[in-house]
Amino acid sequence: MWWFKRRLSAADRALMEAIAAGSTLKSHRDIDGQKIYRLYDPEGNASPIDFDQVQRLLERRLLTTNQKFPAATFLLTSKGQKMLQSNQKPRGIGAIVKFDSSK
């Protein structure tokens, strides 16, 4: 139903908040070409992120990517930043890059 606004799951919100707080989400390809997502905290520690979770946020246009090879970096879109409704400004790469997700 078009008037129903889907809420973020707790896991989706946590991932977006981590990106807003300065963590970096990257995609990597393994030797077989499979895409793997990892979230790097500011200290460089990596955690695996579920493929479907990232795809869901991309489909909702809450994340976008810089499309770089070999490891693309994902950023919050303007829509994603607004959905978090945080008074805290994004840190890290998200603080310097703005993406319009209204298209």
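Values in this document were obtained by computation on a predicted structure and should not be read as measured data.

**Q** Which parts of the structure should I look at to understand the sheet that holds strand β5 (residues 72–76)?
**A** Within a sheet, each strand pairs with its neighbour through backbone hydrogen bonds, oriented either parallel or antiparallel. The strand order across the open sheet formed by 5 strands is β3-β2-β1-β5-β4, and the pairing between neighbours is antiparallel. Of all strands in the sheet, those with a lone pairing partner are β3 (46–49) and β4 (63–65), marking the two edges. On average, each strand axis in the sheet is inclined to that of its neighbour by 35°, with strand direction left out of account. Here strand β1 (residues 24–29) pairs with β5 via 3 bridges, running antiparallel. When the bridges of β5 are listed, S27 appears paired with A72. Contacts from helix α1 (residues 10–20) reach β1, β2 (35–40), β3, β4 and β5, with the element oriented near 100° to β5. Of the strands in this sheet, β1, β2, β3, β4 and β5 touch helix α2 (residues 51–59), which is tilted by about 85° from β2.

**Q** Just to check I follow, could you spell out α1 for this structure?
**A** Think of an α-helix as 3.6 residues a turn; residues three or four steps apart then line up on the same face. Inspection of α1 places D12, L15, M16, A18, I19 and A20 among the buried residues, and these make up the whole buried set. Positive backbone phi, at 115°, marks G22, one or two positions downstream of α1.

**Q** What exactly am I supposed to notice about the pattern of salt bridges here?
**A** Opposite charge on two side chains allows them to pair when their charged atoms are near. One pass over the structure, following the stated rule, counts 2 salt bridges. One salt bridge connects E17 with R13, and the closest N-O pair in it is separated by 3.8 Å. Residue E17 and its partner R13 are both found in helix α1; the two are separated by 4 residues, about one turn of the helix.

**Q** Where do I start with the pairing of β1 in this structure?
**A** Sheet topology places β1 next to β2; 6 bridges connect them, and they run antiparallel. Each bridged residue has a counterpart across the sheet, and for H28 the counterpart in β2 is I36. Joining the antiparallel neighbours β1 and β2 is a turn of 5 residues, in which G33 adopts a positive phi near 90°.

**Q** I'm lost on the environment of A21 in this one. Help?
**A** For A21, the position within the fold is in the loop between α1 and β1. Exposure remark for A21: the relative accessible area of 30% places this residue in the partly exposed category. Note: C-alpha distance between A21 and D41 (20 residues apart in sequence) is 9.1 Å.

Conventions adopted
- Residues numbered from 1 in each chain as written.
- Predicted model: local features only at pLDDT ≥ 70, side-chain atom pairs only at ≥ 80, totals over all residues.
- Heavy atoms only, no water.
- Pairing = 2+ DSSP bridges.
- Helix = DSSP H or I, 4+ residues; strand = E, 2+ residues; numbered from the N terminus.
- Axes fitted to C-alpha atoms, helices over the stretch in contact; angles between N-to-C directions.
- Contact = heavy atoms within 4.5 Å.
- Buried < 20%, exposed > 50% of the residue type's maximum accessible area, 1.4 Å probe, protein only.
- Salt bridge = Lys/Arg side-chain N within 4 Å of Asp/Glu carboxyl O.

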